[in-house]
2 protein chains.
Amino acid sequence: MAAVARAATTSDAFNAIAEPQRRDILALLRAGEWPVTDLARQLSMSQPQASKHLRVLREVGLVRVREAGKQRLYGLDARGLRPIHEWVGGFEQFWNESFDRLDSYVQDLKQARQED
Amino acid sequence: MAAVARAATTSDAFNAIAEPQRRDILALLRAGEWPVTDLARQLSMSQPQASKHLRVLREVGLVRVREAGKQRLYGLDARGLRPIHEWVGGFEQFWNESFDRLDSYVQDLKQARQED
DNA sequence: TTGACGCATTCCGTTATGGGAATACGATGG
DNA sequence: CCATCGTATTCCCATAACGGAATGCGTCAA
């Protein structure tokens, strides 16, 4: 049992931001708090879909809710993105180096081809 | 038809790195190139699993292969991580600000509670 | 109280996942 | 040519994703 097929989107921030629409939501929330309906309209998604995505973001702690009468204002809590930034940042030195590696790789290929 | 349930892991780097083991692979590859079997042993995963994950990483361009006789040496190509780093970096200013927002949020709650 | 509004949840269907086991494939060595 | 090693692929399973449609539920206004 529990033959995990794929980690739940709510398992961590990495999974949560794998979905483009959720990234859009987060980006939008940089501008401030939004009620669900407006947010949905802004991003051209159905209200239920917005609610579902917001739920995921809430469960991984990337988003916060505030009750305001009938509405629920969602706001950004970007702290959960920091670990991601740091993890990816650990590869920064390789972004440029990669070019060189690829170059030498390509040259190896050429050379190998000539040796045939 | 084509009722996309969830974006394929091979759809982009965001999805590819959502899987912890694939992140482990990338981290390991910072040390250099590795043949599949060694890599699998290092990370305590089966050879087929390693091959599968490497395939995903290859398809999104985060990894490169080089034939070396019987072996296949996998190497890092971190360039695909840059867009991620930049996207997440777009939230950097909010990591700290979030604290303040959360504080005021908590204070709102306290205040509301006192008003009951 | 009733109605309307804002949002969350549930149900359904299709798709793809990641793990295990078995197997197919290509290159090398004898 | 055959056995073997290193990899990739295939099949099967259980899980859960995301989207749409329908519905539940709490809040506010009349």
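Preceding this paragraph is the structure being described.
Residues numbered from 1 in each chain as written. Chains lettered and ligands numbered in written order. Predicted model: local features only at pLDDT ≥ 70, side-chain atom pairs only at ≥ 80, totals over all residues. Heavy atoms only, no water.

Residue-level contacts link 36 residues of chain B with 37 residues of chain A. At the boundary of chain B and chain A, one finds zero salt bridges. For the pair chain B and chain A, the interface holds eleven residue pairs in polar contact (both at pLDDT 80 or more). Those elements that provide at least two residues to the side of chain B that touches chain A are helix 1 (13-16), helix 2 (20-29), strand 2 (63-68), helix 5 (82-89) and helix 6 (92-114) of chain B. Ranked by the residues each element gives to the side of chain B that touches chain A, the list is headed by helix 6 of chain B, at eight residues. Taken together, the residues that form the side of chain B that touches chain A break down as 19 nonpolar, six polar and eleven charged. (Contact = heavy atoms within 4.5 Å. Salt bridge = Lys/Arg side-chain N within 4 Å of Asp/Glu carboxyl O. Polar contact = N/O pair within 3.5 Å; in protein donor to acceptor, adjacent residues only side chain to side chain. Helix = DSSP H or I, 4+ residues; strand = E, 2+ residues; numbered from the N terminus. Nonpolar A, V, L, I, M, F, W, Y, C, P; charged D, E, K, R; others polar.)

Moving on: the protein's contact with DNA strand D. Near DNA strand D lie 29 residues; those nearest to it are Gln21, Gln49 and Lys52 of chain A together with Ala5 and Thr37 of chain B. In the interface set of DNA strand D, defined as its atoms within 4 Å of the protein, sugar plus phosphate atoms amount to 61%. Between DNA strand D and the protein, one listed contact pairs a phosphate oxygen with a side-chain N or O atom of Ser51 of chain B at 2.6 Å. The separation between a base oxygen of DNA strand D and a polar side-chain atom of Lys52 of chain B is 3.3 Å. Listing elements by their share of the surface near DNA strand D, those giving two or more residues are helix 2 (20-29) and helix 4 (47-59) of chain A together with helix 3 (36-42), helix 4 (47-59) and strand 3 (71-76) of chain B. Take the surface near DNA strand D: its biggest share by element is five residues, from helix 4 of chain B. Its residues placed into classes, the surface near DNA strand D shows eleven nonpolar, nine polar and nine charged. (Near = heavy atom within 4 Å.)

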